[in-house]
Each structure stands twice: as C-alpha cells, then as structure tokens.
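Descriptive structure summary
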Amino acid sequence: MPNERGATGNRRAAGLNLDASSADRITCTTCYMCACRCGIKVHLKDGRIRYIEGNRDHPVNKGVLCAKGSAGIMNHYSPARLRKPLRRAGPRGSGEYVEIEWDEAMATAADWLGAIRRSDPRKLAFFTGRDQSQALTGWWASQFGTPNHAAHGGFCSVNMAAAGLYTIGGSFWEFGEPDWENTRYFLMFGVAEDHDSNPIKIGLGKLKSCGTAKFVSVNPIRTGYSAIADEWIGIRPGTDGLFILALIRELLLAGRIDEEYLCRYTNAPWLVIQDEGAADHGLFARDAAGQPLVFDAATQTVTGAHQADARPQLAGKVFLADGRAAVPAFHLVARRCLEPQYAADVVAAETGIGADTIRRIAAELAHAAFEQTVVIEQPWTDWAGRRHDRMIGRPVAMHAMRGISAHSNGFHTCRAIHVLQMLLGAVDSPGSFRYKPPFPRPTPPGVKPAGRAADVQPGKPMPGPPLGFPTSPADLLVEADGTPRRLDKAFSWEAPLAAHGMMHQVIRNAWAGDPHRIDTLFMFMANMSWNSSMNTAGTIDMLTDKDPATGDYRIPRIIYSDAYASEMVAYADLILPDTTYLERWDCISLFDRPICDADGVADSIRQPVIAPDRDVRPFQDVLIDLGARLGLPGLVKEDGSPRYPGGYPDYLVHHERKPGVGMLAGWRGAAGDRQGVGAVNEGQLDAYVANSCFWRHEIPAEARYFKHANRAYLDWAVGMGLIDKPEPIFLQLYSEVLQRFRLAAEGHGDVQPPDEHRPRVKTYFDPLPLWYMPFEEAEVARDAFPLHAITQRPMAMYHSWGSQNAWLRQIHGDNRLHIHRATAARLGIADGDWVAVTSHHGRIKAQAKLMDGVNPHTVWTWNAIGKRSGAWNLAPKAAESQQGFLLNHVISELLPERGDGHRYGNSDPVTGQAAWYDLRVRIEKVAAGEGVSEPQFATLPVPPHLPQRPDVLRYGAGFRATAHGDAK
C-alpha cells in the first residue's frame, strides 16, 4: 500500500505525532458568542483550552459551529479581561482606578443600594445588555422593589416581539421558526446573518438541497442570506410595511385568502361595534358572559364566536340587539388594505419595488399557499372538538428581524406581516411559520407590569415584574397627571406597549432627572458609552456632567459589571468583574430566551469548563449574594440567612416561580423522572451535565401543528407548565387592545393621555394594519438628507466584544461605508475615498467601499466594529479605532424639535423600540487627511494589571510539543 507508506514517511519527516490526543479532557457546555446558544464541546489540554467544536447531539446546531463559536477561545483568553474589582480614583472617563477586594466591593454596593431601598427603590435604575439571564435580573429587580429595570430588547427588536405577542401569541426569532422541511415559499424580511445564524444556515441548506422551495429575501443589502436567495428584493429602508400591505391588497383583489382558517382560528369574523363617538366604538360586541359575537350566515343570527357549528360571516353590516351597527373585523381590515394608497403602482415609487414585481410576488405566494398544499397524514382535534383526519398546510413561511423592527413604524410593519400570514392560513400550519414552545401564549400574555405608586414601597418587593403586557390604559405606569413613573418612560403615554423597556433612553433621562432623579445606575454587559447608545458623544457628556451648584455628578453613582475593559468601564464608579462564559454556571431557561424547536421543548445550561485565573466572579453569583446582603425577601430565609448559599447553581435547582415550575424544566421531581412540572431534584444539574448540558422533550405528533387551536397541544402545554389553561388562542387580525388606547385619546375612560399626547396616541394606536413614513425621514428635509443609513452585524460578530477577539479581528478589523456604485459615481466618490456622513444631528468621517448589492438610496456599514482608542486593551492605533467608525455618532436619541418644546424619543410610538434605521444622511467626498476616521476621542487608559496584547498572536505554540515528537 504505497500511499499509506508514503503518508507515514512524510508524517515522520515532519516530526509530527498524529496519534497524539488533542485533549486530555472534553467538556460540554453552551456557547455564548451570540444568541443562538449552540451546544459545544470544549477540548482542554494541560489545563488550557485547545479547541472548541460543535456538539452533534445538540438540538440547536447539531454539530455546526460558526466562526464566532470557534473563536470563543480568544474571548476567553482575551487580554481585555478584567482581573479584579475596581473603584474609580479619578474623574469619570479618566480611566484612573484602584483595585479593591471583593469584600470591599460588595460592601460598597450593598451600602449604596441598601440606602436606596430603605428610602425610595425607584432611585435604583438596573439595566442589563445582551445577557441571557433576564429571568433572574427581572425577578431580582422586583425583589428589590424598583420598576426601573429592563434589558436590551427595547433597542433591539421589541417591535418584532410585541407585534407578534399582541397579534399571534408568538413571534419570530426565539419564539418561532419556518417549517424548513415542508415550506414551498420562504419570504425573509430584514434579517442579518448574525441572528439565529446556525439554525438559519441549516434551514437554508435544507431548502437549497431539496430544490422545491423558493427563497425570497427582502432587504436593502445583499449580503449573507440575501446573497444566496433565489430572489433579492432591495427595498428602501422603512417601506417594508407598504410592500406588505400592497401584497395583501393584491391577494384580496384576487380572492386568494383562506376564509376557513380566518373564521375558525382568528378574530376575523368577530363583530366590531360601529358607533362613532361612543365609549365602545371599535370594540368587539360581546354577550353577557363576555364572549365575542359573530353573524352566523347559516341561521342569519348573531351568536357567540365560540359556537363550533356556526358559519361566521366575514363581511357586511349587521345590527345588534341594541340597534347599533357592527361589522366583522375582517370587513374593516379588507377595507383598509384595499385603499388606493396601497395599490402596487402607488407603492412602487416609495419602496423602489416595481409594481409588476409586487403583483408577481403576491401571485407566487397565493400559488404556493393554495396550489402546493402540504398534507400530513396525522389526525388531530381542534379547540372546538372538531376532528380532522389530516393536517393541511399552506406552505408559505416567513421570518423577520431587526431590519423590520428598528424603525419608528416597525410595530405596525411587524403586525402587517402577521396579518399577511393569517390571510394565507400560514400560521403554524404545515409548511408555514411554526411556534416554538413555550409559545403560543394568550394574545398578549397575561402578565402586567408593576410599578404604580402603591407597588413601590421602601423596603418591600413589588407585587409583580417590572415588564409586562398592558391591555388597556389602566395598566400603564403613570402618575395621576399622566406623566411617566419609570425612568425610561416605558408603559407611559410616550410608549404604552414598551414590553422590553427603553434602555436607550435611560442615561439621558437619568442625567436630566426626567421624569425623576435617581441615585444609582446599575448596569451589566451594556456598553452604553459607545456602540449601544445613540448620540455617543452626548452620552459621554451626560455620564461625566456635574451639577454646577453642587459639583456632584448628575448621575450620582454608576455600578457596572463586565468581563472586559469595554468603553463603559471608564465611566463607572464601581466595577464588578464578570467571568467569561466558559468559567460559570448559567441557564437558558423557558422563562427567558429558550432553545426550543417547533417539535420539542428544550432548555440548557452552561457549566464551568475551566476555573478563573483572575479574581473575578460570575455576575449571577454577585447578584444573588448582593440580594442576600440587602435582605431581599426571595433571597433570604426567615432567619435572614442566604436562601441560596451555593450561588447561582443553587438558585437554578431550588428556585420556583410557582409550585413545581423552576428555572429548568428537565429532570424534575425528587427522582428526576418528571418533565416540565415537578418537585426540586437535588441532582438536576448533574443530569443536565450527563446529557451534554441540555434537555429536550418531544411534542406528541398530534400536537405539533395548529398549536394555538390544537386541543392535544393545549392540554400538553398545561401539563408541561407552559400555559395555565387549555384555552384556544385566537389570532388577532384586528387589535382591540390598540383601539382601547385610541378611545382614551378620544376622551373615553378613567385613564386618558395628557393633551400633548392625544394626537400621537390616536394616530398610531390604530387597530388596523397601518404604514406611515418613519419619523426622522418625515421631520427632516429629505432633499437635504437624501440617503438612508443603516447598520447590520456580520456573521462573524454579534456582541461588541467580537471585534476585540484576536481571530475574528482578522476577518473584520475595520469597517467601511458601503455605497451603491451608481450613487457613488453621481457624487464623484471612488472606492477607498474618504467621505463625510452628515445627519441632522452630527457628522462623521469614514472610508467608502463601493458595491452593487445595496439599494441605491441607502448606505450602510457593519455595526460595533469601530472601537474607542485604548478600549478593550487594543493598541491605541488599532485599525478598529483609527479606521473603524460608528453611525451611532450621527443618530440622535431624540427626534428633531417640533416647535412646542417637547421632543419625543427616537422610537416607535407604540413600543418605544429604538429607531436605529430611520437615519437620514448626506455624503460627500472629503480629503483623506491622516486617513483616520472621525470623530476621535481621547485614548482610554488600560485598567490595572491587564496583560499587554501581543503584536503577533502565537496561541497554539504552547501545544506544539504535544504535536511534534521531537519538540522540547
């Protein structure tokens, strides 16, 4: 066998020992390099991490691992890792610190927070970034007693989540997925390749390999997923809602809708009261028991909507028992969508999509839904007891993310997508969008936000969570005069359905004392002095501004926890260093951002695979310890001793939100033989570790589709502790919740908006599908700022920490401003030229990169690559700070002046979602100068005792002795 002998000879000549093991220990855990939460196997050799591979048994990634996950080694060994607690020793932003011991750090934090809790808990603002422990942090805030808590969702994709939860009881991203195996038409809106990347790549691979489905990507930019789409539609940013409503109009004109689905599973036939000026105008007509009413075409009578044998009518005026008129919800939706402004020929000019293309896409959707029906031979029973011999699906799947969500019209655009799905019968039917447990849930979920005056008392916990889902003005967190109670103004008249809070407004409001002053801003993994803030320079000024009358900082105290020397560290008074994700216990809970799939419920853990070599502690342990020191009721026993002396892993096993329902759903019960609901199992974490750190339980075959109306699923979900009652979840084509707020703006009800907010609430709380021009675009001179400017994250980055990673920096070491070639030619800009980018708020300087795959009216760049000089222990002249840049500098956190003195936040008026992608700019060629991006800020000093970052990375050299037989 000469080939084998030759290979052996070559191997020996090179001195290689290919039989040497890559590891002396392999440990399973869960990745944290993005939000996919993939399963990984970490190879360790001589106590050091040698290699990270995907776990082939894991339900999320099935062994696939991207560049981010593989590069987790470099995050773990980053020279930017903080090493010890720090106390500020100079002015904020100076980078002057002293190292302190943990006893002093925890005593200081407990002293500051204890005084707040004893006086006014609202003076603590506790906000977290892209952490995955929101079930813990939100509960901790409630135990402390402050309503001023949220995570990053308000500046990420709350429009997507809220629109879905208020409309179909679930949403895209973590809460649902396309039916990759059965779909025949996949329509994707505004999805960059950093989100859900491995599952989407796996799914797209299935579509491409089977060759039976068409993939259409609607996105201003053609990168990543859009680059492999069968058809790319390069839409103008912020006009997706117009495009969707035009598609709906075409389907209505052609009569291509699923009337049976609408009648059985949505509120389309429910009668809406038509009595202009009345307090119940636009609300559903109901019987004495509160059941919505429909008009039964068979009996020609008004009857209850839940009558299984009724044949509801979808259009036409009827008269109620009191003589007033009513029409089905579908009648109103159809009338709105058939209005002339949504005609394809009209919409084409604004969207940049040709009218013929709009008509063709609508026809293709209809063809896939009604001519390529998918049938699964599986009997099932619906909520009304009707037995179905098989599952019949409309194989049109949709998926959307931040490109849709991060606009001031994003909530209604997201709702329009769900309306389109419902009209096609393409929600949780075979081949369509599918719910992932614990969804669907009632529309919306029943939890309401706590934080009214009676809820916030010194020394006491709040009676509920700080975040929730208002269903009427009575649920808002406002004072008697209508002003906000929360620091970020979530759940006020400025953002009534702010289900994820409004973190992007926190620093400005804390600085301004609007609506109230705080004492301490406590943040975790939130780089709010840089890439997570709009108006970056202004934010830095607010963090460092002092009251001239007292000389004190306007934001008196800042506590910050991070694993790395990010830009935000320099502005904190007390720094609590976190571990890396490979050094701690963690939990991906059903309470939080679960890892379920449409066919099974699942959760997972992280376990420490290596001990810290620094004096750092997991933030979750710190929070639990701090809560015990403060005497928070849920964190201490009756005798005042810590309830969870073992820290976060102790909490994961023993904490319950209600009897039998805890942070982890697997291996419950004393013997570990219960799933979903069961008593505490002392060996639960051991069971997870033995199963590669995850748990998954299959949904019964008869319960996998039509979950919102499937009796078997609803019963199963109750048994698993996912929902409280096995009641059908009717999809909300028409939003009665929005109409309740509109009625308040019209002068009805006990809780009404102040006069200055009435027009805004009346306009945007429309129960019907709606599109309006994004606010910034509408309020600035479009000719003066003729281009849209947006960002997205590349596939190799997610958190801002990605671009300090030694391996990932080699892929994206800096970023350019990407411009369409024709646009650049018109402006005299060549590839590599430097350009000024000017908005109504500010100006930056960046280097241009020309391309064809972008909407001609749009410029864009990769987000979070630009770094401040000195941050992350990068060299002061690193490319990330010298050539990298952020669009954040030219985005205002407030909308332009209106003339009445009030400035709304740069946000969606319904949810408060940060409108990152509303930005309008002009660009012009400028001199290269020194070839450095602008603005530049003073170089940040490196915190004490961080190692010098090597000029040449030689991480693998230490393992060479084990790979070379003759190495010393």
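Residues numbered from 1 in each chain as written. Predicted model: local features only at pLDDT ≥ 70, side-chain atom pairs only at ≥ 80, totals over all residues. Heavy atoms only, no water.

What follows concerns the overall build of the protein. Along its length, the protein carries 27 helices and 36 strands. Its C-alpha atoms give the protein a radius of gyration of 28 Å, near enough to 30 Å, the size a compact globule of 968 residues would have. The 968 residues of the protein split such that 64% are buried. Taken as a whole, the protein presents about 32,700 Å² of accessible surface, with 49% of it coming from carbon and sulfur. Measuring between centres, the 104 positive side-chain charges of the protein sit 4 Å from its 108 negative side-chain charges. (Helix = DSSP H or I, 4+ residues; strand = E, 2+ residues; numbered from the N terminus. Rg over C-alpha atoms; globule rule 2.2 N^0.38 Å. Buried < 20%, exposed > 50% of the residue type's maximum accessible area, 1.4 Å probe, protein only. Areas by Shrake-Rupley, 256 points an atom, 1.4 Å probe, with all protein chains shown as cover. Lys, Arg positive; Asp, Glu negative; His and termini not counted. Charge placed at Lys NZ, Arg CZ, Asp CG, Glu CD.)

Looking now at the sheet that holds strand 12 (residues 271-274). An order of 12-16-15 is seen for the three strands of this open sheet, with the pairing classed as antiparallel. For this open sheet the edge positions go to strand 12 and strand 15 (318-319), each flanked by a neighbour on one side alone. Direction of pairing for strand 12 relative to strand 16 (residues 325-328): antiparallel, over a ladder of four bridges. Directly across from Gln274, in strand 16, lies its bridge partner Ala325. Contacting strand 12 and strand 16, helix 11 (residues 329-337) crosses the sheet at an angle of about 70° to strand 16. (Pairing = 2+ DSSP bridges. Contact = heavy atoms within 4.5 Å. Axes fitted to C-alpha atoms, helices over the stretch in contact; angles between N-to-C directions.)

Okay, the nonpolar core next. By size, the foremost hydrophobic cluster in this structure holds 177 residues, and its most contacted members are Ile49, Leu113, Trp140 and Phe522. Ranked by residue count, the leading element in this core is helix 4 (residues 102-119), at eight residues. Beyond its immediate sequence surroundings of up to four residues, Leu113 is in contact with Leu124, Trp140, Phe144, Thr520, Phe522, Ile559, Leu626 and Leu630. By size, the runner-up hydrophobic cluster in this structure holds 102 residues, among which are Ile361, Val396, Phe469 and Val761. (Core = buried A, V, L, I, M, F, W, Y, C linked by side-chain atoms within 4.5 Å.)

This structure, assessed with the given rule, holds 61 salt bridges. In this structure, Glu736 and Arg740 form a salt bridge, with 3.0 Å as the shortest nitrogen-oxygen distance. With a gap of four residues between them, Glu736 and Arg740 both fall in helix 22 (residues 736-745), about one helical turn apart. Residues joined in a network through salt bridges with shared partners are Arg236, Glu350, Glu777, Arg782 and Arg920. (Salt bridge = Lys/Arg side-chain N within 4 Å of Asp/Glu carboxyl O.)

Where helix 4 contacts helix 5 (residues 134-144), the two axes come as close as 10 Å, and the packing angle between them is 55°. Classified by the interaxial angle, the pair formed by helix 4 and helix 5 is oblique. Contacts between helix 4 and helix 5 involve Leu113, Ile116 and Arg117 from the former and Trp140, Gln143 and Phe144 from the latter. Partitioning the contact of helix 4 with helix 5 into residue classes produces four nonpolar, one polar and one charged. (Parallel < 35°, antiparallel > 145°, perpendicular 65-115°, else oblique. Nonpolar A, V, L, I, M, F, W, Y, C, P; charged D, E, K, R; others polar.)

All right, on to the packing of helix 9 (residues 240-254) against helix 12 (residues 344-351) then. Packing of helix 9 against helix 12 leaves a shortest axis separation of 10 Å and a crossing angle of 165°. Taken together, helix 9 and helix 12 sit at an angle that is classed as roughly antiparallel. At the point where helix 9 passes helix 12, the crossing takes the left-handed sense. Counting all contacts with helix 9, which are made through Leu242, Phe243, Ala246 and Glu250, the residues of helix 12 involved are Ala344, Val347, Glu350 and Thr351. (Left-handed = near helix turned anticlockwise from the far one by under 90°.)

Averaged over all residues, the pLDDT of the protein equals 94, while 97% of them reach at least 70. Segment residues 1-13 is flagged for pLDDT under 50; beyond a separation of four residues in sequence, or across chains, it makes two contacts in the model. When the criterion is pLDDT under 50, residues 964-968 qualifies, and its contacts beyond four places in sequence or with other chains add up to nine contacts. (pLDDT = per-residue confidence, 0-100.)

Let's shift gears to the side chain of Thr443. Its place among the elements puts Thr443 in the loop between strand 22 (433-435) and helix 16 (506-512). At a separation of 3.4 Å, a polar atom in the side chain of Thr443 contacts the main-chain carbonyl oxygen of Phe730. Apart from the residues lying within four places of it in its own chain, the contact partners of Thr443 are Leu165, Tyr166, Thr167, Ile168, Gly169, Ile729, Phe730 and Gln732. (Polar contact = N/O pair within 3.5 Å; in protein donor to acceptor, adjacent residues only side chain to side chain.)

The next subject is the sheet that holds strand 1 (residues 25-30). Strand order in the open sheet made by the three strands is 1-2-3, with antiparallel pairing throughout. Both edges of this open sheet fall to strand 1 and strand 3 (48-54), since each of them pairs with a single strand only. Adjacent strand axes in the sheet meet at a mean angle of 30°, parallel and antiparallel pairs treated alike.

A few words now on the environment of Ile417. Here Ile417 lies in helix 15 (residues 410-424). Judged by its relative accessible area of 1%, Ile417 falls in the buried class. Remark: the alpha-carbon pair of Ile417 and Ile376, spanning 41 residues in sequence, is separated by 25 Å.

With that settled, consider the pairing of strand 25 (residues 574-577). The side-chain alternation of strand 25 yields two buried faces, one formed by Leu574 and Leu576 and the other by Ile575 and Pro577. Alignment of strand 4 (residues 86-88) against strand 25, held across two bridges, turns out to be antiparallel. Its bridge partner lying in strand 25, Arg87 is registered against Leu574. Across four bridges, the pairing between strand 24 (residues 557-562) and strand 25 is parallel. Among the inter-strand pairings, Ser561 is bridged to a residue of strand 25, identified as Leu576.

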